[in-house]
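Read off the chains here:
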Amino acid sequence: MAGTMTIKLVFSGGLELLFGNERNQSVLIPSFVPSDNSTHSSPSSSSSTSSSYNDTPSTGETKAADLEYLIYHLRDHLLKERPELFMENGTIRPGILVLINNTDWELEGEGSYQLRNNDEIVFISTLHGG
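All of the points below concern the structure found in this document. Since the model is a prediction, treat every value here as computed from it, not as a measurement. (Residues numbered from 1 in each chain as written. Predicted model: local features only at pLDDT ≥ 70, side-chain atom pairs only at ≥ 80, totals over all residues. Heavy atoms only, no water.)

### Re unusual backbone geometry
Applied cut-off: Under the DSSP-based scheme used, a helix requires at least four consecutive residues in state H or I and a strand at least two consecutive residues in state E, with every element numbered from the N terminus. Accessibility here uses a 1.4 Å probe with only protein chains present; expressed as a share of the type maximum, an area under 20% marks a residue as buried, one over 50% as exposed, and anything in between as partly exposed.
One non-glycine residue, Asn 21, lies in positive phi territory at about 60 degrees. Note on placement: Asn 21 falls in the loop between strand E1 (4–12) and strand E2 (24–30). Judged by its relative accessible area of 52%, Asn 21 falls in the exposed class. The residue Asn 37 is not glycine, and still its phi comes out positive at about 65 degrees. Of note, Asn 37 is situated in the loop between strand E3 (32–34) and strand E4 (50–52).

### With respect to the pairing of strand E8 (residues 96–100)
Looking down a regular strand, the side chains alternate between one sheet face and the other. Keep this limit in mind: Here, strands pair whenever DSSP counts at least two bridges between them.
Judged by how many residues are buried, E8 sits mostly within the fold: four of five residues are covered. Pairing between E8 and strand E10 (residues 120–125): five bridges, direction antiparallel. Paired with Ile 96 across the strands is Ser 125, a residue of E10. The pairing of E8 with strand E9 (residues 103–104) spans two bridges and is antiparallel. Pairing of Leu 99 across the sheet is with Asp 104, part of E9. Hairpin connection between E8 and E9: a loop of two residues separates the two successive antiparallel strands, and Asn 101 in this loop has a positive phi of roughly 50 degrees.

### Quick word on helix H1 (residues 67–77)
When you tally the buried positions in H1, you get eight out of eleven residues, the bulk of the element. Taken residue by residue, H1 has Leu 67, Tyr 69, Leu 70, Ile 71, Tyr 72, His 73, Leu 74 and His 77 as its buried positions.

In structure tokens:
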């Protein structure tokens, strides 16, 4: 579908509990998103393991979809509870390892990484209670 892309998601190390206990999910997001990362439209879901965002931004500045936008999209549309355990100060909380196609996100530009169709983004919590 032109104008949208599918992103594969994996949550592990306990993060899956925050996302409805669904370890593997996928989202359909627009190729261009609001520059302010607003996720103003509700996604239409076809199942519990996929989410879609079919609206293109209506007004205002846009940018190519990047990982920073995806983080806000996940918080606003897939996260089921306790957002403070996933995000802190507008980014991923310390203690969560993020891999983009099996590469540490720090090597890919972190939040500024421009998403591509069929990217796989893995979120692994390295913090565990004891």
